[in-house]
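Now for the letters of each chain:
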Amino acid sequence: MGSSLSSSQDSAIHSQAQVNFQQAFALHQTGQLADAQILYLETLKIQPLHFDALHLSGVLAIQTGDYLQAVEFIKQAISVNPQSAIAHNNLGNALQALKQLNAAIQSYEQALAIKPDFAEAYFNLGNAQKKLKHPEAAIASYDRAIALKSDYTEAHSNRGNALQELKQFEAAISSYDCAISLKPDYADAYNNR
């Protein structure tokens, strides 16, 4: 009889964690970040290994510029679910913001090993490679992103920037033109062109 009571208590605890998480997620989606974080933390008090609460706490930390905290939360999330490509990608974003570019590249490559058709991870990988002054590698990554998502405006534009570094001006203009045709009000692409 004691075990069924324990089982129903576990169920109630799990249920409360889910309610907290769903409320946090709804607040997060509407930009109420401080309130969302409170509820993510409440979820984690109840269920410390709640993958989504850990991961989204990290995403929220990225959004608020607390990149060290983001790295901690997302690494914890990855320890719960090492096969989450999006978590590896977001870890890369936090590391890139901290200028830990080689570590960021490793995270993007891990995301792509899990999900080879992850256009955003290729884009982010290209950004890190460009910052490391590897424009050829960056172009290859942007090309992969564009091959997966032909209307990836930012990838076209950033590809143009990398081509410009290589002094391939005609190709750069062509990339900017692609970006502008996809998003006619894309001021950065006009400026770079």
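Below you will find a few notes about this structure. None of the values given here were measured: they were computed from a predicted structure.

1. With respect to the packing of helix α7 (residues 119-131) against helix α9 (residues 153-165)
Each pair of packed helices can be summarised by the angle the axes make with each other and by the distance between the axes. Between α7 and α9, the shortest axis-to-axis distance is 11 Å and the interhelical angle comes to 25°. Considered as vectors, α7 and α9 are oriented roughly parallel to each other. For α7 against α9, the interelement crossing comes out left-handed. Counting all contacts with α7, which are made through F123, N127 and K130, the residues of α9 involved are E154, A155, N158, N161, A162 and E165.

2. Some points on the pattern of salt bridges
Side chains that differ in sign of charge can pair as their charged atoms come close. A full pass over the atoms with the stated rule returns four salt bridges. K130 is the partner of E165 in a salt bridge, and the nearest nitrogen-oxygen pair spans 2.8 Å. Taken together, the positions of E165 in helix α9 and K130 in helix α7 put the pair 35 residues apart, joining distant regions of the chain. You can call E165 partly exposed: its relative accessible area is 35%. One salt bridge connects D143 with R159, and the closest N-O pair in it is separated by 2.5 Å. Residue D143 is located in helix α8 (residues 135-148), and its partner R159 is located in helix α9; the two are separated by 16 residues in the primary sequence. Look at D143 and you get partly exposed, because its relative accessible area is 33%.

Cut-offs and rules
Residues numbered from 1 in each chain as written. Predicted model: local features only at pLDDT ≥ 70, side-chain atom pairs only at ≥ 80, totals over all residues. Heavy atoms only, no water. Axes fitted to C-alpha atoms, helices over the stretch in contact; angles between N-to-C directions. Helix = DSSP H or I, 4+ residues; strand = E, 2+ residues; numbered from the N terminus. Parallel < 35°, antiparallel > 145°, perpendicular 65-115°, else oblique. Left-handed = near helix turned anticlockwise from the far one by under 90°. Contact = heavy atoms within 4.5 Å. Salt bridge = Lys/Arg side-chain N within 4 Å of Asp/Glu carboxyl O. Buried < 20%, exposed > 50% of the residue type's maximum accessible area, 1.4 Å probe, protein only.

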